[in-house]
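Overview (structure and organization)
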Amino acid sequence: MQPAGKRPAAPGSEAREEIARMARKQARTKPDEQQAPARSPLKMLQELAALQEISRSLQVLDLDEILHLVLDGVTKTIGFDRARLYLINEREHRLECRMAAGIEQEKTAGVTLPLEKSNSMLARSVIERKPFIVEDAMEDPRVNRDLKQLFGLKSFAVVPLVGRGRVLGAITADNLTSDRVITPEGFNSLVAFAGQAGVALENAQVHDELRTLNRELEQRVRDATEDLKKTQDKLIQSEKLAALGKLSAGIAHEIRNPLTSMKVLVHALSGRLEGREKEQEDIAVIEDEIERVNRIITRFLDFARPRSPEFSRVDVNRLLDETITLVTREAEERGVLFEQTRESVPAVLADREQMKQVFLNVFLNALDAMPGGGQLSVSTRCTAGRVEIAVSDRGGGIQEETRKQIFEPFFTTKEEGVGLGLSIVKRIVDEHGGTLLVKDNPPRGTTFTVSMPPAGSEGALA
Ligand SMILES: Nc1ncnc2c1ncn2[C@@H]1O[C@H](COP(=O)(O)OP(=O)(O)OP(=O)(O)O)[C@@H](O)[C@H]1O
Ligand SMILES: [Mg+2]
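Residues numbered from 1 in each chain as written. Chains lettered and ligands numbered in written order. Predicted model: local features only at pLDDT ≥ 70, side-chain atom pairs only at ≥ 80, totals over all residues.

Picture the strands of a sheet paired through backbone hydrogen bonds; they go either parallel or antiparallel. Sheet architecture is open: six strands sit in the order β3-β2-β1-β6-β5-β4, paired in antiparallel fashion. Whereas interior strands pair on both sides, the edge strands pair on one side only; in this sheet they are β3 (112-114) and β4 (132-134). When the angles between neighbouring strand axes are averaged without regard to direction, this sheet yields 25°. Note that strand β5 (residues 156-162) and strand β6 (residues 167-174) share seven bridges and pair antiparallel. When the bridges of β6 are listed, Val162 appears paired with Val167. (Pairing = 2+ DSSP bridges. Helix = DSSP H or I, 4+ residues; strand = E, 2+ residues; numbered from the N terminus. Axes fitted to C-alpha atoms, helices over the stretch in contact; angles between N-to-C directions.)

This is the structure:
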């Protein structure tokens, strides 16, 4: 930008050429056809002072404010009836009308033009970096036809806005309302003023870009901090799980050996007590209890010593059929009916047995949630490029507070629960690159949704 107080830059040679062309034209015109009276030197001095004042104000860095000031300068100080300011959109290679004065807002909103010389005088002025006066827009084939109609163009001036070597856009100005001819002085002032405006606009644009960059940087730092926190939480959680797992595995192992001996001995005892009904009943209870403890231990070991998944292509619908078969008897006993909505979905890359474990746990939880029986819906579909399996029960649902804890190992609300089912489910789903979502199932109950990437898609097993 020019230092404050300096005179506006003298119009360039292109402007002089354009003025000379006008002068030659006007010399050929008869005196009574000339409409614009010459301006007095005093008037010109006043205008110059006002323009200098505006140029000084252009030192602000807010882009919109500068656009306003520039248009005010062109209309109120230089005296054009109307002015439109276009800026280059480099990404789309177009000129966009950013602001206008002396013309209804609705007319200029959304006006854009391709940045091609043959399309408009505006583009020509920007590309050639030259100011022009168009005397009869309607007859001039270089003027864009749509703009002619939209703005009722007759005679207008177009001046490029050039920063420090970089062209930013252009201003067009005319005197449509008063029907005055564009004088060489008016055109001269416009060109000089556009020189100042270009530099100010460039400064503001750079400032704008810096501000956007700054905001982006801040956002990136925020995102990175959040990611770091998540990773840290995960690390703490997995360390906790590893310690817990080690402990559980040790205890489970110690219990399993004597349990196996007990099982063998009780079986032998049962043989020796054949025919003694009362004792046989007691033995059956002992065997049931041993089985229960065994199941709990197996769960502990599943949790504590997870094996790495062995991936193969798995047909989800078939896998669900097989898993449902495993719980059919228990469901019947409890009066729970399966309702199925299946779509044909792409195969997923998964460990069959582990995925069965996932759905088995979710089904068993659903059965537990409906002790008096009810409907258990299982649906499959493909949505947003993912294979989705939803399991909905009509049980009592999960309270908001409880929901935060259901994936924690050993969290249970059941008298006989171990609280490991869902933590195993979550780990398996995570290891498969899937997601697990828990939602209410209005009017009552819960929906667990497992979403998996289809086999062969990007992100599978990532
Ligand atoms: N479908 C459901 N409806 C209501 N509550 C549920 C449902 N599924 C899970 N929960 C809640 O989440 C808790 C944790 O479930 P999780 O499967 O991990 O353990 P559990 O079922 O209690 O014990 P187990 O280790 O035998 O599975 C349950 O105790 C229960 O409170
Ligand atoms: Mg469970």
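Next up on the list: the site of ligand 1. Lining the immediate surroundings of ligand 1 are 22 residues, of which Asn365, Thr412, Gly417, Gly421 and Leu422 lie closest. Every element with two or more residues in the shell around ligand 1 is listed here: α10 (352-369) and α12 (421-431). Sorting elements by how many residues they give to the shell around ligand 1 places α10 first, with four residues. Residue composition of the shell around ligand 1, by class: eight nonpolar, 11 polar and three charged. (Near = placed C-beta within 6 Å. Nonpolar A, V, L, I, M, F, W, Y, C, P; charged D, E, K, R; others polar.)

On to the nonpolar core. Most often, soluble globular proteins have nonpolar side chains that are buried together. Membership of the largest hydrophobic core comes to 50 residues, with the highest contact counts inside it found for Val74, Ala83, Ala157, Ile171 and Leu190. Broken down by element, the residue count for this core peaks at 11 residues, all from helix α7 (residues 184-272). Contact partners of Ile171, with chain neighbours within four places excluded, come to Val74, Ala83, Leu85, Val159, Leu161 and Ala194. In terms of nonpolar packing, the next biggest core, distinct from the first, is built from 27 residues, Val314, Phe359, Ile389 and Val450 among them. (Core = buried A, V, L, I, M, F, W, Y, C linked by C-beta atoms within 7 Å. Buried ≥ 20, exposed ≤ 12 C-beta atoms within 10 Å, placed from the backbone. Contact = placed C-beta atoms within 7 Å.)

Let us look at the pairing of β5. Burial analysis of β5 places seven of its seven residues in the buried class, which makes it a mostly covered element. Burial along β5 is two-sided: Phe156, Val158, Pro160 and Val162 and Ala157, Val159 and Leu161, pointing in opposite directions, are all buried. Taken together, β5 and the strand that follows it, β6, pair antiparallel across an intervening segment of four residues, in which Gly165 is found at a positive phi of about 90°.

Our next topic: the pairing of strand β10 (residues 374-383). Along any regular strand, the residues point their side chains to alternate faces of the sheet. As defined by bridge partners, strand β8 (residues 336-342) adjoins β10 across seven bridges and the pair is classed as parallel. Within the sheet, the bridge partner assigned to Glu339 lies in β10 and is Ser377. Sheet topology note: the β10/strand β11 (residues 386-392) ladder contains seven bridges and is antiparallel. Bridge pairing in β11 places Ser377 opposite Ser392. The antiparallel pairing of β10 with β11 creates a hairpin that spans two residues between the two strands, and Ala384 there sits at a positive phi of about 50°.

Moving on to the confidence of the model for the protein chain. Summarising the model, the protein chain shows a mean pLDDT of 87, and 88% of its residues fall at 70 or more. Confidence drops under pLDDT 50 across residues 30-36; counting only partners more than four residues distant or on other chains, this segment forms seven contacts. This model gives residues 458-462 a pLDDT under 50, and the stretch forms 11 contacts once residues within four places in sequence are excluded. (pLDDT = per-residue confidence, 0-100.)

Secondary-structure assignment places His93 in the loop between β1 (82-89) and β2 (94-101). Classification of His93 as exposed rests on a count of 10 C-beta atoms within 10 Å. Put simply, His93 and Pro114 are 21 residues apart on the chain and 6.4 Å apart in space, counted from C-alpha to C-alpha. With residues near it in sequence (within four places) discarded, His93 still touches Pro114 and Leu115.

This part is about the packing of helix α9 (residues 316-334) against α10. Any two packed helices are characterised by the angle at which their axes cross and by the distance between the axes. At a minimum axis distance of 9 Å, the contact between α9 and α10 shows a crossing angle of 25°. By the angle between their directions, the pair α9 and α10 is classed as roughly parallel. Crossing of α9 against α10: the hand is right-handed. Contacts between α9 and α10 involve Leu319, Leu320, Glu322, Thr323, Leu326, Val327, Glu330, Ala331 and Arg334 on the former and, on the latter, Arg352, Met355, Lys356, Phe359, Leu360, Phe363, Leu364 and Leu367. Per-class residue counts for the contact of α9 with α10 are 11 nonpolar, one polar and five charged. (Parallel < 35°, antiparallel > 145°, perpendicular 65-115°, else oblique. Left-handed = near helix turned anticlockwise from the far one by under 90°.)

On to the environment of Ile171, then. Considering the arrangement of structural elements, one finds Ile171 in strand β6. On the basis of neighbour counts, which here come to 28 C-beta atoms within 10 Å, the residue Ile171 falls in the buried class. For the pair Ile171 and Val126, spaced 45 residues apart in sequence, the C-alpha to C-alpha distance is 9.7 Å.

Time to look at helix α5 (residues 121-128). For α5, the set of buried residues is Met121, Leu122, Ala123, Ser125 and Val126. The secondary structure elements touched by the buried residues of α5 are β1, β2, β3, β4, β5 and β6. Immediately downstream of α5, the backbone of Arg129 shows phi near 55°, a positive value.

On to the sheet that holds strand β13 (residues 446-452), then. Taken together, the five strands give an open sheet; going across it, the order is β8-β10-β11-β13-β12, and neighbouring strands pair in mixed fashion. Each edge of the open sheet is held by one strand with a lone partner, namely β8 and β12 (435-440). Averaged over all pairs of adjacent strands, the angle between strand axes in this sheet comes to 15°, irrespective of strand direction. Where β12 and β13 come together, six bridges link them in antiparallel fashion. Bridged to Leu437 within β13 is Thr449.

Omega for the peptide link from Pro442 to Pro443 comes to 5°, which places this bond in the cis form. Mapped onto the elements of the fold, Pro443 is located in the loop between β12 and β13. The phi dihedral of His93 is positive, around 55°, even though this residue is not glycine. The phi torsion at Asp179 lies on the positive side, around 60°, for a residue other than glycine. Within the secondary structure, Asp179 is located in the loop between β6 and α7.

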